[in-house]
Every structure is written in structure tokens, then in C-alpha cells.
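Here is what each chain is made of, one letter per residue.
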Amino acid sequence: GSSLEPEERSMEPPAVPEEEEEEEEEEEGAVPLSMAPGPVGCQLFGYVGIEAVLDQMKIKTMKTGFEFNIMVVGQSGLGKSTMVNTLFKSKVSRKSSQPGQEERIPKTVQLQSITHIIQEKGVKMKLTVTDTPGFGDQINNDNCWDPIIKYINEQYERYLREEILITRKRKIPDTRVHGCVYFVPPTGHWLRPLDLEFMRRLSKIVNVVPVIAKADTLTLEERAEFKQRIQEDLKTHAISVYPQEDFDQDPEDRALNNRIREKIPFAVVGADQEHQVNGKRVLGRKTKWGIIEVENPAHCEFPLLQDLLIRSHLQDLKDITHNVHYESYRVRRLNESNRPG
């Protein structure tokens, strides 16, 4: 009845004075609030609990664990096994996993994979380290990258076969290589043709992170000059190493990755022995002039490599492997299978 009339009238927009109406008509390009572009925000009146999904994801990941597969490539004697042990602070390299056996470097590139389960604060990671003994050790190194490319593609193929099954596993085992650390010899000169050709071919199918091995053999001036020459070589030959500029998601990622790209290749030193320095136990290499502390940024850039591979970009390495490298392989293989004849 009459009691509802005031409420109905209150839902109508308030009357605008004639002077204000004339001012609004004079303003050109004025957009009504309901027509404003972009998503309309929704203000919450109280706590909903949306942020609890992060805790759910964390609990689930801690229960199931996750996989991370890394490959190390370089000539013998550059400290690949020691570097991997230093990265994960455990004996996970090929050499360390076979105590009491004399290490024999094969005459050809024979890839060897070792898998370990690493736990830290309740988080479980299945780590697979793939070594490439024999790479670049021969007089004739033509096509020495072929076994490595074949291995990487085989892991993509294995994942693809599981993925296209009608009845597939709830969690497909992931053996795809998420990151390839390439060890550049500390010559202090330019990149060798072998280095350039390897990174040119491999950067198209896997995340390649170049490092200068045994950087303590170079002075700081030699190291800075060598890094600059390597960066010029990569730019001249259009080699896109990780983190790739094309895959930056937003301005924050771009700013962070630009700082990383300025430092690449990282000049690293590996050591899996502890020494006493100023009353503290530190990882380092003992020389006649003192101890080179591996985790000291003033001594080498190993902490930058560790941050990139584990602490800041591990999930990004996996995402780019799945969404870019594996996706391009999957599209190519499915196109081949659908081609007539």
C-alpha cells in the first residue's frame, strides 16, 4: 500500500539541478561510472578466507612432493659433479653416488642419470641429475650434442605418450629436463665454436644456464672482461639463454630478470668441503693465499646461481619447460602424426 511508495521512490536516482545538468552536457568525453572500462572491484564486508588456498596448496605439495630434473654439460675436469653437490649440499653427483669405484670417463657422450629424494623442512623433492661425461673431450667433437638432444626429446616423448592415453595416470611422472647448466671453460677469451653451437641448438628445446667454471683461476678483471665477451657472443649469434626475455610475464619479472641477465654467465666456484673461517664453518676451497668461500658473493657468483635454480626461479623453470619447450615439441609431434601418408 502507501507504505511502499517512499521506498520505491528512494530507488530512483536523485534529481539533478538544471545548472548541473548543463555543466555535464558541456563536458565532452565524460564516461558514466557504469560504462567505465576494466573489471569492477568488489569490496568485501568481512573475512572470506580466499587466501587460505595458499595453505591448501602448500599442504598438498608437502604431501605429494615435486620433481626437479637438472642436466650438467661440460668438459671433464670443470667441476660439474662438485658444483651439483654444492648446489644441493648433499652427495647427489654421479661420482659421489658410486663410492669405492674408479671413475672412468667414457670415450663417447653417454648420459648418466642419478635420482635422489631430498627433504627439507617437510618438503620432499625428487631430484634427478643427468651428467654428460665425454662431452667435448674428443679431438673431433662434431655432433657431440646429438645424444643430449636425443635424450631431452626422449623425455618429452615419454611424457607425451602418457598424456595422450585414453586412461592416463592421475600424476604423470615428469622426467623432462627443466634446466641445463652449461659449463664454459675459464679461458678468458671468446666462446669456442663448440660452446656457441651447443647453446644455439639446445636453447631452442631446454632452459640453458651458462656458467664460467672454476672462476677462481681468473682475476676479477679477467672475469669481468670474459663475461662481457660471452654476452656479446650470445647477442651476436641470437642465442637466448635462461631467463629468456620473451617469456617475462610482467614489469616486475622483467626488472628482476634484467638484473639476472646482466650477470649471466655466472662465474662460479664449487666446493663440497667445509673449512673454519673466523669461527664459522663455511664451504670453500683452500689455496696458498687463503680460502675461497663458495657462498660469499664477494668471492664468486655461486649464490646467484643457487638463487636462480632453486630459491627464486625453480617453479618458473618447470613452467617454461611445460608451457614452451614441451608444448612446441607436442605440437610438432601431433602435426607429424596427423600428416597424411
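Calculation rules
Residues numbered from 1 in each chain as written. Predicted model: local features only at pLDDT ≥ 70, side-chain atom pairs only at ≥ 80, totals over all residues. Heavy atoms only, no water. Patch = residues over 30% accessible without salt bridge, like charges linked within 9 Å, V, L, I, M, F, W, Y side chains within 5 Å. Areas by Shrake-Rupley, 256 points an atom, 1.4 Å probe, with all protein chains shown as cover. Salt bridge = Lys/Arg side-chain N within 4 Å of Asp/Glu carboxyl O. Helix = DSSP H or I, 4+ residues; strand = E, 2+ residues; numbered from the N terminus. Pairing = 2+ DSSP bridges. Axes fitted to C-alpha atoms, helices over the stretch in contact; angles between N-to-C directions. Buried < 20%, exposed > 50% of the residue type's maximum accessible area, 1.4 Å probe, protein only. Phe/Tyr/Trp six-rings, centres within 6.5 Å; stacked < 30°, edge-to-face > 60°. pLDDT = per-residue confidence, 0-100. Contact = heavy atoms within 4.5 Å. Polar contact = N/O pair within 3.5 Å; in protein donor to acceptor, adjacent residues only side chain to side chain. Expected span 1.5 Å × (residues − 1). Arc of directions from axis to C-beta.

Student: I keep staring at a nonpolar patch on the surface and nothing clicks. Help me out?
Tutor: Residues Leu44, Val48 and Ile50 make up a contiguous nonpolar surface patch of roughly 310 Å² in combined accessible area. Its location among the elements puts valine 48 in the loop between helix H2 (18-26) and helix H3 (52-64).

Student: Looking at this structure, how should I read the sheet that holds strand S7 (residues 274-277)?
Tutor: Picture the strands of a sheet paired through backbone hydrogen bonds; they go either parallel or antiparallel. Taken in spatial order, the 3 strands of this open sheet run S7-S8-S9, and their pairing is antiparallel. Either end of the sheet is taken by a strand with one partner, and the two such strands are S7 and strand S9 (290-293). Put simply, the sheet's adjacent strands are angled 70 degrees from each other on average, direction ignored.

Student: In this structure, what is going on with the pattern of salt bridges? I would like to understand it.
Tutor: Side-chain pairing between opposite charges can occur once the charged atoms of the two side chains come close. For the coordinates displayed, the defined rule picks out 17 salt bridges. Two residues, aspartate 216 and arginine 285, come together in a salt bridge whose shortest N-O distance is 2.1 Å. One end of the pair, aspartate 216, is in the loop between strand S5 (208-212) and helix H7 (220-236); the other, arginine 285, is in strand S8 (residues 280-287), and 69 residues separate them in sequence. Measuring nitrogen to oxygen at the nearest pair gives 3.4 Å for the salt bridge that ties arginine 311 to aspartate 307. Of the two residues, arginine 311 and aspartate 307 are both situated in helix H9 (residues 302-312); the distance of 4 residues between them amounts to about one turn of the helix. Residue arginine 311 is classed as exposed on the basis of its relative accessible area, which comes to 57%. Salt bridges sharing common partners tie together Glu157, Arg161, Arg333 and Glu336.

Student: How do you make sense of the pairing of strand S1 (residues 66-73) when you look at a structure like this?
Tutor: Two faces, one strand: in a regular strand the side chains alternate between the faces of the sheet. Extensive coverage of S1 is indicated by the burial of 7 of its 8 residues. Note: S1 against strand S3 (residues 123-131), 7 bridges, orientation parallel. Bridge pairing in S3 places phenylalanine 68 opposite leucine 127. Bridge analysis of S1 against strand S4 (residues 179-184) gives 4 bridges, and the strand direction is parallel. The residue of S4 that forms the bridge with isoleucine 70 is glycine 179.

Student: Would you mind going over the pairing of S7 with me for this structure?
Tutor: Of the two faces of S7, the one lined by His275 and Val277 is fully buried and the one lined by Glu274 and Gln276 carries no buried residue. As judged from the 4 bridges shared by S7 and S8, these two strands associate in the antiparallel manner. Considered in S8, the bridge of glutamate 274 is made with leucine 283.

Student: It is not clear to me how the packing of aromatic side chains should be interpreted in this structure. Could you clarify?
Tutor: For any pair of aromatic rings, geometry is given as the distance between the ring centres together with the angle between the planes. One pass over the structure, following the stated rule, counts 6 aromatic pairs. Aromatic pair phenylalanine 135 and phenylalanine 198: ring centres 5.2 Å apart, planes at 65 degrees, arrangement edge-to-face. Note that phenylalanine 135 is positioned in the loop between S3 and helix H5 (146-163) and phenylalanine 198 in helix H6 (residues 193-202), a separation of 63 residues in sequence. There is no split in this pair, since phenylalanine 135 and phenylalanine 198 are both buried. On the numbers, 5.1 Å between centres and 80 degrees between planes, the contact of tyrosine 159 with tyrosine 326 is edge-to-face. Here tyrosine 159 is found in helix H5, whereas its partner tyrosine 326 is found in helix H10 (residues 314-338), with 167 residues between them in sequence.

Student: Sorry if this is basic, but what is going on with the confidence of the model for the chain here?
Tutor: Detailed reading of predicted coordinates is not advised where the pLDDT is low. In this model, the chain carries a mean pLDDT of 84, and residues with pLDDT of at least 70 account for 83%. Within the model, pLDDT remains below 50 along residues 1-13, and this stretch shows 0 contacts once partners closer than five positions in the same chain are excluded.

Student: How should I be thinking about the side chain of arginine 261 in this particular structure?
Tutor: Mapped onto the elements, arginine 261 comes out in helix H8 (residues 251-263). A relative accessible area of 19% means that arginine 261 is categorised as buried. Non-local contacts of arginine 261, meaning those with residues more than four positions away in its chain, are made with Gln231, Pro243, Gln244, Glu245, Asp248 and Arg254.

Student: Quick question: what am I supposed to make of the environment of arginine 261 here?
Tutor: Sequence-wise, arginine 261 and glutamine 231 are 30 residues apart; in three dimensions their C-alpha atoms are separated by 9.1 Å. Within the structure, arginine 261 has its side chain in polar contact with the backbone oxygen of proline 243 (distance 2.6 Å).

Student: In this structure, what is going on with the sheet that holds strand S6 (residues 266-267)? I would like to understand it.
Tutor: Read from one edge to the other, the open sheet built from 6 strands follows the order S2-S3-S1-S4-S5-S6, with strand pairing classed as mixed. One side of each edge strand has no neighbouring strand; the edge strands of this open sheet are strand S2 (112-120) and S6. Relative to S6, S5 runs parallel, the two sharing 2 bridges. Each residue of the ladder has a partner; that of isoleucine 212, found in S6, is alanine 267. Contacting S1, S4 and S5, H6 crosses the sheet at an angle of about 170 degrees to S4.

Student: Would you explain H8 in this entry?
Tutor: Structural remark: α-helix, 3.6 residues per turn; residues separated by three or four positions point the same way. When the terminal C-alpha atoms of H8 are compared, their 19 Å separation across 13 residues agrees well with the 18 Å that a helix rising 1.5 Å per residue should span. Buried within H8 we find Asn257, Ile260 and Arg261. Buried residues in H8, looked at end-on, bunch into an arc of 100 degrees, giving them a common side. Seen from the buried face of H8, the exposed residues on the opposite side, beyond 90 degrees, are Pro251, Glu252, Arg259 and Glu262. For H8, the side-chain oxygen to backbone nitrogen distance between the N-cap and glutamate 252 is 3.1 Å, and the N-cap itself is aspartate 250.

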